[in-house]
Amino acid sequence: MDNKDKPPVIETASATSSSEENKSGPFAYILFGSVLGISLVLAIICGGCTSAIVAAAVSEDGTSTFSGPTSQQFPYDDIEDLDDLEEWLRLYSDEYGDGGLDTSGGSNSKMGTCTVDEALDFDLAPYDISLASEVSASAYANTPSGVRDFVRKMVNADDEYATKVARCLHDAARDEDKQQEKIEEALALCDEAKKAINDIAIPSVDADKNGTLKDDLGSAKSQVTKRWEATREELAILKTTDEVSKRELWDSDEQTLDTVDDAVQMLEDAMASSSTAKSGK
């Protein structure tokens, strides 16, 4: 049969022009409906799981129901977004190696004490925080090579010592007999990190619009050394055979995180200023 004798074919969403393909009847619609139905069921199940997780984490009286030794009042007024919730879970979950700083008697003002062994099971900032994981890769774009190399040297040095300190803490957590020895080693590494950062020379830079670029680089460098001072102060709390204050450890851990955030912001701002100076804007 010639093409002109074949029945006309109307194109469908399948984009096929075969008359045989278009004789599939309602099967395509049934298949589509089935897939849609399964997707809806999965969405409902996932929603139910999320509700179950929230219900498991927070009881009706507002306290967490994690299986740790104590409970912590859920801070409804302080949790505004997912980042806040993640931070709360970071501090109060009780999974191994990711334990939180739980409170004694549910009091935020008196968190009680814990052994060094217990403290090492908390999700402390020195386990995983570093400038390398925080400084945005896009921040290096259009940055003059001298400034870029300066920042990278600091970031790389920070990452090198952060990795070594984390390894010491993991070793201390695994072997109680070598606990204090490893903490002492971590403290020494903090001193070495600070010296390594101080030894990095600030590059010569072109004058920027406000004439503050060199000062900005110096301030950023100073902030990176403060990051290591804060880390050392936090780890020094663990250099004891007595129990440690969880409140003191909490505050010190927050201070470590804050100094890292400030260092990252100052490094990125300095790179942005150098890019502006380079373009002459």
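Here the residue numbers are simple positions, counted from 1 along each chain's written sequence. Where local features are concerned, this predicted model is filtered to residues with pLDDT of at least 70; where side-chain atom pairs are given and counted, the filter is 80 or more; whole-chain, interface and lining totals use all residues. Side-chain numbers come from the whole structure's heavy atoms, not from hydrogens or water.

**Student:** For the overall build of the chain, give the residues involved together with the corresponding values.
**Tutor:** The helix and strand tally for the chain stands at 7 helices and 2 strands. Type-normalised accessible area, obtained with a 1.4 Å probe on protein chains alone, sets the label of each residue: buried when under 20%, exposed when over 50%, and partly exposed for intermediate values. Buried positions account for 35% of the 281 residues belonging to the chain. If you take every contact in the chain between residues at least 6 apart in sequence, the share linking residues at least 24 apart comes to 68%. Note that accessible areas follow from Shrake-Rupley with a 1.4 Å probe, and for residues the cover is restricted to the protein chains shown. Total accessible area computed for the chain in this model is approximately 16,500 Å², and 52% of it derives from carbon and sulfur atoms. Numbering of helices and strands runs from the N terminus; a helix is a DSSP stretch of H or I covering at least four residues, while a strand is a stretch of E covering at least two. Pairs of residues are marked as contacts when any of their non-hydrogen atoms sit within 4.5 Å.

**Student:** Talk me through the pattern of salt bridges; I want residue IDs and the actual numbers.
**Tutor:** The salt bridge criterion pairs a side-chain nitrogen of Lys or Arg with a carboxyl oxygen of Asp or Glu, the two atoms within 4 Å. Within the structure shown, the criterion is met by 10 salt bridges. A salt bridge links Asp-171 to Lys-182; its shortest N-O distance comes to 3.9 Å. Here Lys-182 lies in helix α5 (residues 179-198) and Asp-171 lies in helix α4 (residues 145-174), a separation of 11 residues in the sequence. On the basis of relative accessible area, Lys-182 is assigned to the buried category, the value being 18%.

**Student:** Explain the side chain of Lys-221 to me, and be specific about the residues and the numbers.
**Tutor:** Mapped onto the fold, Lys-221 is located in helix α6 (residues 213-236). Look at Lys-221: it is buried, it has no salt bridge, and the nearest opposite charge is Asp-199 at 7.1 Å. Each residue touching Lys-221, except ones within four places of it in the same chain, is listed here: Phe-150, Met-154, Ile-197, Asn-198, Ile-200 and Ile-202. We treat Lys and Arg as the positive residues and Asp and Glu as the negative residues; His and chain ends play no part in the count.

**Student:** Help me get a handle on the side chain of Gln-223, residues and values and all.
**Tutor:** Structurally, Gln-223 is set in helix α6. Pairing of N or O atoms within 3.5 Å defines a polar contact, subject to two protein rules: one partner must be a possible hydrogen donor and the other a possible acceptor, and residues neighboring in sequence count only if both atoms are side-chain atoms. A distance of 3.3 Å separates a polar side-chain atom of Gln-223 from the backbone oxygen of Thr-259. Residues contacting Gln-223, with those up to four places away along its chain left out, are Thr-259, Asp-262, Ala-263 and Met-266.

**Student:** Help me get a handle on the packing of aromatic side chains, residues and values and all.
**Tutor:** Pairing of aromatic rings covers Phe, Tyr and Trp, the last through its six-membered ring, and needs centres within 6.5 Å; plane angles under 30 degrees mean stacked, over 60 mean edge-to-face, and all others mean tilted. The tally for this structure, following the rule as stated, stands at 0 aromatic pairs. Note on criteria: charge over ring means Lys NZ or Arg CZ within 6 Å of the ring centre, with the direction from the centre no more than 35 degrees off the ring normal. One cation-aromatic arrangement involves Lys-164 over Tyr-161; the distance from NZ or CZ to the ring centre is 5.1 Å. Taking the ring centre of Trp-228 as reference, the NZ or CZ of Arg-227 above it sits at 4.0 Å.

**Student:** Got a sec to walk through the packing of α5 against α6? Specific residues and values, please.
**Tutor:** All axes here are fitted lines through C-alpha atoms, helices being fitted over the stretch that makes contact, and every angle between N-to-C directions spans 0 to 180 degrees. Taken N-terminus to C-terminus, the directions of α5 and α6 make an angle of 170°; their axes are 9 Å apart at the nearest point. Here α6 runs roughly antiparallel to α5, going by the angle between their axes. Across from Ile-183, Ala-186, Leu-187, Cys-190, Asp-191, Ala-193, Lys-194, Ile-197 and Asn-198 in α5, the residues of α6 making contact are Lys-221, Val-224, Thr-225, Trp-228, Glu-229, Thr-231, Arg-232, Leu-235 and Ala-236. A breakdown of the residues in the contact of α5 with α6 according to their chemical character gives 10 nonpolar, 3 polar and 5 charged. Orientation is classified from the angle alone, with under 35 degrees giving roughly parallel, over 145 giving roughly antiparallel, 65 to 115 giving roughly perpendicular, and any other angle giving oblique. Here the term charged refers only to Asp, Glu, Lys and Arg, the term nonpolar to Ala, Val, Leu, Ile, Met, Phe, Trp, Tyr, Cys and Pro, and the term polar to all other amino acids, Gly among them.

**Student:** Got a sec to walk through a negative patch on the surface? Specific residues and values, please.
**Tutor:** Together, Asp-117, Glu-118, Glu-176, Asp-177, Asp-242 and Glu-243 line one region of the surface with negative charge. You can see Asp-117 is positioned in helix α3 (residues 116-119). Owing to a relative accessible area of 34%, Asp-117 belongs among the partly exposed residues under this scheme. Here the term patch refers to residues with relative accessible area over 30% and no salt bridge, with like charges joined within 9 Å and nonpolar side chains (Val, Leu, Ile, Met, Phe, Trp, Tyr) within 5 Å. Just so you know, the charge point we use is NZ for Lys, CZ for Arg, CG for Asp and CD for Glu.

**Student:** Residue-level account of the packing of α4 against α6, with values.
**Tutor:** Taken N-terminus to C-terminus, the directions of α4 and α6 make an angle of 5°; their axes are 11 Å apart at the nearest point. By the angle between their axes, α4 is roughly parallel relative to α6. Across the interface between the two elements, Val-147, Phe-150, Met-154, Asp-158, Tyr-161, Ala-162, Val-165 and Leu-169 from α4 touch Leu-217, Lys-221, Val-224, Arg-227, Trp-228 and Leu-235 from α6. Of the residues assigned to the contact of α4 with α6, the class counts are 11 nonpolar, no polar and 3 charged.

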